[in-house]
Amino acid sequence: MSRLKQFQEKQKKLSRFQALKSIFTSAAMTVAVVIVAAVAIPVSPSGSIDSVEAFTNVVTYTVNITDEDNAIMMDTLCVRLENQVEVYENSLNLGVNSGLFDNLNPETEYTLRIMANKGYGLEVLDRVTLKTAERTGGAITGINLLSEEDAWTIDYSIGYFISDPFDEYKSVQLRYATKFDSEPDYQFYNSLSLDELGRETFIQNIYNENQQINIILEAINQNDEIVELDNVTLHTPFKFYASMGIEHVTNRSVSVYVWPEPVSGVEIEYELVLMRLGYVIDTRKIVPMSHEDEWQMEPQSSEITFDRLVPETDYTIMLIARYSDPYTLAEVEKTVASEEFTTTPDFDYDIQVVEETDHYRVTLTITPQDAIYDYAYYNTFIYVDGFYQYYYYQSFTFETIDDTLYVSFEIYKPAAEDYRIMIGITDTESYIHFVIVYTIETIQEG
């Protein structure tokens, strides 16, 4: 075989190898793209039609929506009633929704659909087909919270619809009761008399503490029998407790106390956010202490300090909570508390502490004279059974000498062997303006 033919044969083999390599590479890239796309698709929201009723010219419904991955685009969640010539639509919220469509055509077939858009167009979460007809019955058609979600007690407006074309009912009523999730049964029901021609009533002063509310619409027929027309269960808004307070502010730092309360069955992540001029300066994660026994849960305080701040500067500090709503499964970010503060002016100080036999002699000076601090003080704590216990406090007024604030005092040693003495300066016009300038601490060995 000539060299030319050998070269041509090698080129053919190389071309076939490169073609196969290209095919396998393309296949691998296709697989990789499919895997990435599968990971990016969120969990589908869930929507269920819990009840639906059709009357002469009215369709009522109760639906429940959950959205674990916040997949639903805002303002696209709705319930739609339609046939070939008619289309009606009501907006929905996450959770339990009740409503109605009226002024419909009698003896007409309709399809009720729960619709939502996750970014790929409207999708159907649930559907049912029904036909309007003249019949006796009724339904709850609206549950609207009238109070702030964080109020101690809350009020609801309850919509209802009664159809009684054959005069079968002597009266109608609404009964409602509440219970905690841990309780097995509803103990006491309140009753409200209703007007058959009315469309709305109110339930008031519901204790807002993560409770279930059971609402029953009933009729009394001509034989004095109770007929249940509709039954809806919902939850009061999810509520938890956390608070924040500024402990003290200096020229270069702020210390904040946070009290996050754990909630049984719900993981809540807390974060402190420090901001200046609308920009985030620093953040700190806070993990609340958990308890296996929910009856032993108590808020555990944490002190968080942000330092390296700028003197005489305005800041905002916020406590943020992030959690999955146990009733709607939606991811929630909520500002629990927010406070503004201003760091104090810059200053210099000099402190001298001389130990004597039974006391300490302290000399403290501060410059400049216009520093906001006007008192020096000390706190004494004694160490007992592994803990420091408060023992004594005393304060002293500064004197002005030239352009310097000056104070001198004595601190007598406590009888205990182990103690801590904290020397500080404070502004009597604001309890959060104080600085610890010196600490004496002694723990005897052995």
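Report follows, based on the coordinates. For clarity, every value in this text was computed on a predicted model and none was experimentally measured.

1. A word on the packing of aromatic side chains
Part 1 of the argument: Applying the stated criterion across every chain, the model contains 20 aromatic pairs.
Part 2 of the argument: Summarising the aromatic geometry, the rings of F381 and Y390 are spaced 6.1 Å apart at their centres and angled 75° between planes, so their arrangement reads as edge-to-face.
Part 3 of the argument: By relative accessible area, which is 52% here, Y390 ends up exposed.
Part 4 of the argument: Between R175 and the ring centre of Y189, over which it is positioned, the NZ or CZ distance is 4.6 Å.
Part 5 of the argument: For K239, the ring lying beneath its charged end belongs to W152, and the centroid distance is 4.6 Å.

2. Remarks on the sheet that holds strand β12 (residues 200-207)
Part 1 of the argument: Here three strands make up an open sheet; going across it, the order is β8-β9-β12 and the pairing antiparallel. Only two strands of the sheet have a single partner each, and these edge strands are β8 (137-145) and β12. On average, each strand axis in the sheet is tilted by 25° relative to the strand beside it, whichever way the strands run.
Part 2 of the argument: The pairing of strand β9 (residues 153-163) with β12 spans six bridges and is classified as antiparallel. Among the inter-strand pairings, S157 is bridged to a residue of β12, identified as F202.

3. A short note on the sheet that holds strand β10 (residues 169-180)
Part 1 of the argument: Across the sheet, which stays open at both edges, the four strands sit in the order β11-β10-β13-β14 with antiparallel pairing between neighbours. Both edges of this open sheet fall to β11 (190-194) and β14 (226-235), since each of them pairs with a single strand only. Here the average twist between neighbouring strands, direction ignored, is 20°.
Part 2 of the argument: Where β10 meets strand β13 (residues 211-221), eleven bridges bridge the pair, whose relative direction is antiparallel.

4. Some details on unusual backbone geometry
Comment: phi is negative for the bulk of residues other than glycine, and the bulk of peptide bonds are trans.
Part 1 of the argument: Of note in this structure, N70 is not a glycine but carries a positive phi near 50°.
Part 2 of the argument: By secondary structure assignment, the location of N70 is in the loop between β2 (59-66) and β3 (78-82).
Part 3 of the argument: One non-glycine residue, D402, lies in positive phi territory at about 55°.
Part 4 of the argument: Assignment of secondary structure puts D402 in the loop between β26 (399-401) and β27 (404-412).
Part 5 of the argument: Among the residues examined, D402 registers a relative accessible area of 69% and is labelled exposed.

5. Examining the side chain of T201
Part 1 of the argument: Structurally, T201 is set in strand β12.
Part 2 of the argument: You can call T201 buried: its relative accessible area is 12%.
Part 3 of the argument: Beyond its immediate stretch of four places on either side in the chain, T201 contacts Y156, S157, I158, Y160, L174, L192 and L194.

6. Remarks on the pattern of salt bridges
Where charged atoms from two side chains of opposite charge come close, those side chains can pair.
Part 1 of the argument: Counted according to the given criterion, the structure contains 16 salt bridges.
Part 2 of the argument: Across the salt bridge formed by E271 and R322, the nearest N and O atoms sit 2.8 Å from each other. Here R322 lies in strand β20 (residues 314-324) and E271 lies in strand β17 (residues 268-276), a separation of 51 residues in the sequence.
Part 3 of the argument: A residue is classified by how much of its surface remains accessible, and R322, at 25% relative accessible area, is partly exposed.
Part 4 of the argument: Across the pair E333 and R322 runs a salt bridge, and its minimum N-O distance is 2.8 Å. Here E333 is found in strand β21 (residues 331-342), whereas its partner R322 is found in strand β20, with eleven residues between them in sequence.
Part 5 of the argument: We classify E333 as exposed; its relative accessible area is 57%.

7. Concerning the pairing of β14
Part 1 of the argument: As paired strands, β13 and β14 are joined by nine bridges and run antiparallel to one another. Across the sheet, the residue bridging to I215 is V232, located in β14.

8. A look at the environment of E53
Part 1 of the argument: As for its position among the elements, E53 is in strand β1 (residues 46-54).
Part 2 of the argument: Measuring from C-alpha to C-alpha, the distance between E53 and G138 comes to 8.1 Å, with 85 residues separating the pair along the chain.
Part 3 of the argument: Residue contacts for E53: discarding those within four places in its chain leaves V58, V59, T60, L130 and R135.
Part 4 of the argument: Of the polar contacts made by the side chain of E53, one reaches the side chain of R135; its length is 3.2 Å.

9. Details of the side chain of N221
Part 1 of the argument: By secondary structure assignment, the location of N221 is in strand β13.
Part 2 of the argument: N221 sits in the buried class, given a relative accessible area of 12%.
Part 3 of the argument: If we skip the residues at most four places from it in the chain, N221 touches E168, Y169, K170 and V227.

10. Side note on the nonpolar core
Part 1 of the argument: If you look at the biggest cluster of nonpolar residues, it comprises 28 residues, and the most contacted ones within it are I268, L272, L319 and F341.
Part 2 of the argument: Elements with a minimum of two residues in this core: β15 (242-249), β16 (254-260), β17, β19 (302-306), β20 and β21.
Part 3 of the argument: In terms of residue count, the dominant contributor to this core is β20 (five residues).
Part 4 of the argument: Setting aside residues no more than four positions away along its own chain, L319 makes contact with A242, S243, M244, V258, Y270, E271, L272, I286, K334, T335, V336 and A337.
Part 5 of the argument: With 24 residues, the next largest nonpolar core counts F347, A376, I423 and I440 among its residues.

Cut-offs used in this document
Residues numbered from 1 in each chain as written. Predicted model: local features only at pLDDT ≥ 70, side-chain atom pairs only at ≥ 80, totals over all residues. Heavy atoms only, no water. Phe/Tyr/Trp six-rings, centres within 6.5 Å; stacked < 30°, edge-to-face > 60°. Buried < 20%, exposed > 50% of the residue type's maximum accessible area, 1.4 Å probe, protein only. Lys NZ or Arg CZ within 6 Å of the ring centre and 35° of its normal. Pairing = 2+ DSSP bridges. Helix = DSSP H or I, 4+ residues; strand = E, 2+ residues; numbered from the N terminus. Axes fitted to C-alpha atoms, helices over the stretch in contact; angles between N-to-C directions. Contact = heavy atoms within 4.5 Å. Salt bridge = Lys/Arg side-chain N within 4 Å of Asp/Glu carboxyl O. Polar contact = N/O pair within 3.5 Å; in protein donor to acceptor, adjacent residues only side chain to side chain. Core = buried A, V, L, I, M, F, W, Y, C linked by side-chain atoms within 4.5 Å.

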